[in-house]
Amino acid sequence: QVEFVESGGGLAQPGGSLRLSCAASGRAFSGVTVGWWRQNPGEAREFVGAIKWSADQVHYADFTKNRFHISRDNAKNMAYLQINGLEPEDTGVYSCAASNQYGSSQHYAFYNWGPGTQVTVSS
């Protein structure tokens, strides 16, 4: 099994950047897809993107429009989400989770959710 904890969130201005980290524990990290999701109050959790265990394949939600970049370092049991050109709509709790189904953007396909890190984009 694998467990996650996110960090790197905070308050940022529109147009700024944040780098979120997802620290994994457990021996299974290198063998699972890692997905990033976000959620605003009163809204459903929204898929951001995911990276395959081998790190050579990444897929993103359309809304990211090249502003989001996901990477991972299996040697460090870490995954990352770089967000550039932050917009107020990017505000939310960002969480990482594991999946055994690369290419899926369905919530049910992900498990072992981290507690999330808050991102607030405001002037």
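See the structure printed just above.
Residues numbered from 1 in each chain as written. Predicted model: local features only at pLDDT ≥ 70, side-chain atom pairs only at ≥ 80, totals over all residues. Heavy atoms only, no water.

## Section: the sheet that holds strand S3 (residues 18-25)
Selection criterion: Pairing between strands is defined by DSSP: at least two bridges between them are needed. Note on conventions: DSSP H or I runs of at least 4 residues are helices, E runs of at least 2 residues are strands, and numbering of each starts at the N terminus. Note on method: axes are straight lines fitted to C-alpha atoms, helices fitted across the in-contact stretch only, with angles between N-to-C directions ranging 0 to 180 degrees.
Ordered by their spatial adjacency, 4 strands build an open sheet running S1-S3-S8-S7, and the pairing between neighbours is antiparallel. Lying at the two open borders of the sheet, with one neighbouring strand each, are strand S1 (3-7) and strand S7 (68-73). Neighbour-to-neighbour, the strand axes of the sheet open up by a mean angle of 20 degrees, direction not taken into account. Judged from the 6 bridges that link them, S7 and strand S8 (residues 78-83) form a sheet pairing that is antiparallel. Residue Asp73 lies in a different strand from S8, and its bridge partner there is Met78.

## Here's the deal with the state of the cysteines
By definition, a disulfide links the sulfur atoms of two cysteines through a covalent bond. As a reminder of what qualifies: Only a pair of cysteine sulfur atoms within 2.5 Å counts as a disulfide in this structure description. Per-residue accessibility, obtained with a 1.4 Å probe over protein chains only, is compared with the maximum for each type, and a residue is labelled buried under 20%, exposed over 50%, and partly exposed between these values.
Across all of its chains, the model carries 1 disulfide by this definition. Paired by a disulfide, Cys22 and Cys96 hold their sulfur atoms 2.1 Å apart. Taking the sign of the torsion about the S-S bond as the criterion, the disulfide between Cys22 and Cys96, at about 85 degrees, is right-handed. On the criterion of sequence distance, the pair formed by Cys22 in strand S3 and Cys96 in strand S9 (residues 92-99) is long-range, its members being 74 residues apart. Taken as a pair, Cys22 and Cys96 share a single burial class, namely buried.

## A short note on the packing of aromatic side chains
As a reminder of what qualifies: Here a pair means two rings of Phe, Tyr or Trp (six-membered ring of Trp) with centres within 6.5 Å. Their orientation is stacked below 30 degrees between planes, edge-to-face above 60, and tilted elsewhere.
Tallying each qualifying case throughout the model produces 7 aromatic pairs. Taking 5.2 Å as the distance between ring centres and 75 degrees as the angle between the ring planes, the aromatic pair formed by Trp37 and Phe47 counts as edge-to-face. Taken as a pair, Trp37 in strand S4 (residues 33-39) and Phe47 in strand S5 (residues 46-51) lie far apart in primary sequence, 10 residues in all. Pair check on accessibility: Trp37 and Phe47 agree, each one buried. Between Trp37 and Phe110 the ring centres are 5.2 Å apart and the planes differ by 75 degrees, which places this aromatic pair in the edge-to-face class. Highlighted residues: Trp37 in strand S4 and Phe110 in strand S10 (residues 110-111), separated in sequence by 73 residues.

## Observations concerning the pairing of S4
For S4, the buried fraction is high: 6 of the 7 residues fall into the buried class. Where S4 and S9 come together, 7 bridges link them in antiparallel fashion. In the sheet register, Gln39 faces S9, and the bridge partner there is Val93. Strand direction decides the pairing type here: S4 and S5, joined by 5 bridges, are antiparallel. Paired with Trp37 across the bridge in S5 is Phe47. Once S4 ends, the chain turns through 6 residues before running back antiparallel as S5, passing Gly42 with a positive phi of about 80 degrees.

## Section: the pairing of S9
With 7 of 8 residues buried, S9 lies mostly within the body of the structure. One ladder, built from 3 bridges, connects S9 with strand S11 (residues 117-121); its direction is antiparallel. Paired with Tyr94 across the two strands is Thr117, which belongs to S11.

## Observations regarding the pattern of salt bridges
The test is simple: Just to be clear on terms, a salt bridge is a Lys or Arg side-chain nitrogen sitting within 4 Å of an Asp or Glu carboxyl oxygen.
One pass over the full model with this rule turns up 4 salt bridges. Among the salt bridges present, the one from Arg38 reaches Glu46, with a minimum N-O distance of 2.9 Å. Among the residues examined, Glu46 registers a relative accessible area of 33% and is labelled partly exposed. Residues Arg38 and Asp90 are paired through a salt bridge, measuring 2.8 Å at the closest nitrogen-oxygen approach. Of this pair, Arg38 sits in strand S4 while Asp90 sits in the loop between S8 and S9, placing them 52 residues apart in sequence. The pair formed by Arg38 and Asp90 is uniform in burial state, with each residue classed as buried. Linked through salt bridges whose partners overlap, the residues forming this network are Arg38, Glu46, Arg67, Glu87 and Asp90.

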